[in-house]
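In case you want the letters, here they are:
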Amino acid sequence: MRLVFAGTPETALPSLRTLIDSPRHEVVAVVTRPDAQSGRGRKVHPSPVAELAEEAGIEVLRPAKAGDPAFLEQLRALEPDCCPVVAYGALLPQSALDVPRHGWINLHFSILPAWRGAAPVQHAVLHGDEITGATTFRIVKELDAGPVYGVVTEEVRTGDTSGSLLERLSISGAGLLAATLDGVEDGTLEARPQPSDGVTVAPKINVTDARVDWTGPAMRVDRLIRACTPSPGAWTEFRGQRVKLGPVRIAATQERLAPGEIAAGKHSVLVGTATDPVELGEVQPQGKRLMSAGEWARGIRSGSTEEFT
């Protein structure tokens, strides 16, 4: 089939590479978000998907909105049979959905109908799911509600962050997406409606949501920090300044501390919660580099009791 691939971040790259290498399909163009500022210098850079497409000599379309008449005209002129989508990051109007004869097929990183929305992997980690996965489905107007072609499953490991889990899902999901397109092409795969029960929603987790509440149990603190790693980054306040936190370890064998109380020892830095304390891993004080918790604690020790708020 003639494919127009839609995607933006690094998460989409395994799928794009797989489809470029496929002997059965031709990626005639990619659709991605417009170039944006990134990095310490805030310079304007193309998206990872745009960079890979340009390296492969594939046309790149960067519409401000997928409903722009000029973009729709370009899309129709490409005559795609199907438009696979992985983390494109923008809504697709019906006028765009109607262009390819096999529609737009999305790779979504959950087992639908669970965790429809922008942050399925983060919510799987945050809520302690033991199993998650990826789903291919045909995009319809309602959010992530279209009929399903296929599913792969993935165990959520004890120490998984959103980043490590998404990396595995992006690889296994690429194989699922390729197999789905093969089945659509040869007519052996039929999309089936999602069940009406079991629907959960995974809205974007913003910086405000990522603040650690030390009055909660240790398990909740651990899950929140892992869910927000690497983005948007879990944080707390110390002496009125923001401190970012890397994944922690629940220290069930240690004596309990008051919520937010910091106990810095020779070999570990513990922080109290409503239940067991947690052992800090890496921290990043405001305006400074990422460092080990021990290194950070050596720089802040004083005779009084210290705490996060």
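Residues numbered from 1 in each chain as written. Predicted model: local features only at pLDDT ≥ 70, side-chain atom pairs only at ≥ 80, totals over all residues. Heavy atoms only, no water.

A short note on the packing of helix H1 (residues 13–21) against helix H6 (residues 162–186)
Here's step 1: Direction vectors running N to C along H1 and H6 enclose 40°, while the axes themselves pass 8 Å from each other. Comparing their axes, H6 and H1 come out oblique. With respect to the hand of their crossing, H1 and H6 are arranged in right-handed fashion. On H6, the residues touching Pro 14, Ser 15, Thr 18 and Leu 19 of H1 are Ser 170, Ile 171, Gly 173, Ala 174, Leu 177, Ala 178 and Leu 181.
Here's step 2: Across the contact of H1 with H6, the residue classes break down as seven nonpolar, four polar and no charged. (Axes fitted to C-alpha atoms, helices over the stretch in contact; angles between N-to-C directions. Helix = DSSP H or I, 4+ residues; strand = E, 2+ residues; numbered from the N terminus. Parallel < 35°, antiparallel > 145°, perpendicular 65-115°, else oblique. Left-handed = near helix turned anticlockwise from the far one by under 90°. Contact = heavy atoms within 4.5 Å. Nonpolar A, V, L, I, M, F, W, Y, C, P; charged D, E, K, R; others polar.)

Notes on unusual backbone geometry
Here's step 1: Put simply, Thr 229 and Pro 230 share a cis peptide bond, and its omega is 10°.
Here's step 2: Looking at where Pro 230 falls in the secondary structure, it is placed in the loop between helix H7 (218–227) and strand E10 (234–238).
Here's step 3: The peptide bond linking Ser 231 to Pro 232 adopts the cis configuration, its omega dihedral lying at 5°.
Here's step 4: Of note, the phi angle at Asp 144 is positive, near 50°, even though the residue is not glycine.
Here's step 5: Here Asp 144 shows up in the loop between strand E8 (131–138) and strand E9 (148–155).

With respect to the pairing of strand E7 (residues 104–108)
Here's step 1: For E7, a buried count of five out of five residues is recorded, marking the element as mostly surrounded by other parts of the structure.
Here's step 2: Burial along E7 is two-sided: Trp 104, Asn 106 and His 108 and Ile 105 and Leu 107, pointing in opposite directions, are all buried.
Here's step 3: Inspection of the sheet shows E7 paired to E8 by four bridges, in the antiparallel sense. Across the sheet, Leu 107 pairs through a bridge with Thr 136, a residue of E8. (Buried < 20%, exposed > 50% of the residue type's maximum accessible area, 1.4 Å probe, protein only. Pairing = 2+ DSSP bridges.)

Notes on the sheet that holds E10
Here's step 1: Ordered by their spatial adjacency, four strands build an open sheet running E10-E11-E16-E17, and the pairing between neighbours is antiparallel. Pairing within the sheet leaves two strands with one partner each, and these edge strands are E10 and strand E17 (291–292).
Here's step 2: As paired elements, strand E11 (residues 241–245) and strand E16 (residues 282–285) share three bridges and run antiparallel to each other. Opposite Lys 244, over in E16, you have Gln 284 as the bridge partner.

Quick notes on the packing of aromatic side chains
Here's step 1: This structure, assessed with the given rule, holds four aromatic pairs.
Here's step 2: Residues Trp 214 and Phe 308 carry aromatic rings whose centres are separated by 5.6 Å and whose planes lie at 20° to one another, so their mutual orientation is stacked. Separated by 94 residues along the polypeptide, Trp 214 in the loop between H6 and H7 and Phe 308 in the segment after strand E18 (306–307) bring together distant segments of the chain.
Here's step 3: Ring geometry for Trp 296 versus Phe 308: centroids 5.6 Å apart, planes at 25°, classification stacked. Within this pair, whereas Trp 296 is found in helix H8 (residues 293–300), its partner Phe 308 is found in the segment after E18, the two being separated by 12 residues in sequence.
Here's step 4: Trp 296 gets classed as buried once you look at its relative accessible area, which sits at 4%. (Phe/Tyr/Trp six-rings, centres within 6.5 Å; stacked < 30°, edge-to-face > 60°.)

Section: the environment of Thr 135
Here's step 1: Structurally, Thr 135 is set in strand E8.
Here's step 2: Judged by relative accessible area, which is 0%, Thr 135 ranks as buried.
Here's step 3: In this structure the C-alpha to C-alpha distance between Thr 135 and Ala 202, which are 67 residues apart in sequence, comes to 15 Å.
Here's step 4: Apart from residues no more than four positions distant in its own chain, Thr 135 is found in contact with Asn 106, Leu 107, His 108, Ser 110, Ile 111, Leu 112, Val 148, Gly 150, Val 151 and Leu 176.
Here's step 5: A polar side-chain atom of Thr 135 sits 3.2 Å from the main-chain amide nitrogen of Leu 112. (Polar contact = N/O pair within 3.5 Å; in protein donor to acceptor, adjacent residues only side chain to side chain.)

Here we look at the layout of surface pockets
Here's step 1: A volume near 250 Å³ is recorded for the second largest pocket.
Here's step 2: Contributions of two or more residues to the lining of the second largest pocket are made by helix H5 (120–126) and H7.
Here's step 3: Ranked by residue count, the leading element in the lining of the second largest pocket is H7, at four residues. (1 Å grid on protein atoms, 1.4 Å probe; cavity = no way out; pocket = protein on both sides within 12 Å on 5 of 7 lines; lining within 4 Å. Points joined across faces, edges and corners; volume = space filled by probe spheres on them.)

Some points on the sheet that holds strand E2 (residues 26–31)
Strand pairs in the sheet, formed through backbone hydrogen bonds, run parallel or antiparallel to each other.
Here's step 1: Pairing is mixed in the open sheet, where seven strands are placed in the order E5-E2-E1-E6-E7-E8-E9. Unpaired on one side and paired on the other, strand E5 (59–61) and E9 mark the two borders of the sheet. With strand direction ignored, the average angle separating the axes of adjacent strands in the sheet is 20°.
Here's step 2: Relative to E9, E8 is paired through seven bridges, and the arrangement is antiparallel. The residue bridging Ala 134 from the neighbouring strand is Val 152, located in E9.
Here's step 3: The strands that helix H2 (residues 48–55) touches are strand E1 (2–7), E2 and E5; relative to E5, the one it contacts most, it runs at about 155°.

Remarks on H8
Here's step 1: Of the positions making up H8, those classed as buried are Ala 293, Trp 296, Ala 297 and Ile 300. Buried residues of H8, seen end-on, are gathered within an arc of 100° and therefore sit on one face of the element. In this structure, H8 carries Arg 298 and Gly 299 as exposed residues pointing more than 90 degrees from its buried face.
Here's step 2: Against the buried residues of H8 lie E10, strand E13 (261–264), strand E14 (269–271), E16, E17 and E18. (Arc of directions from axis to C-beta.)

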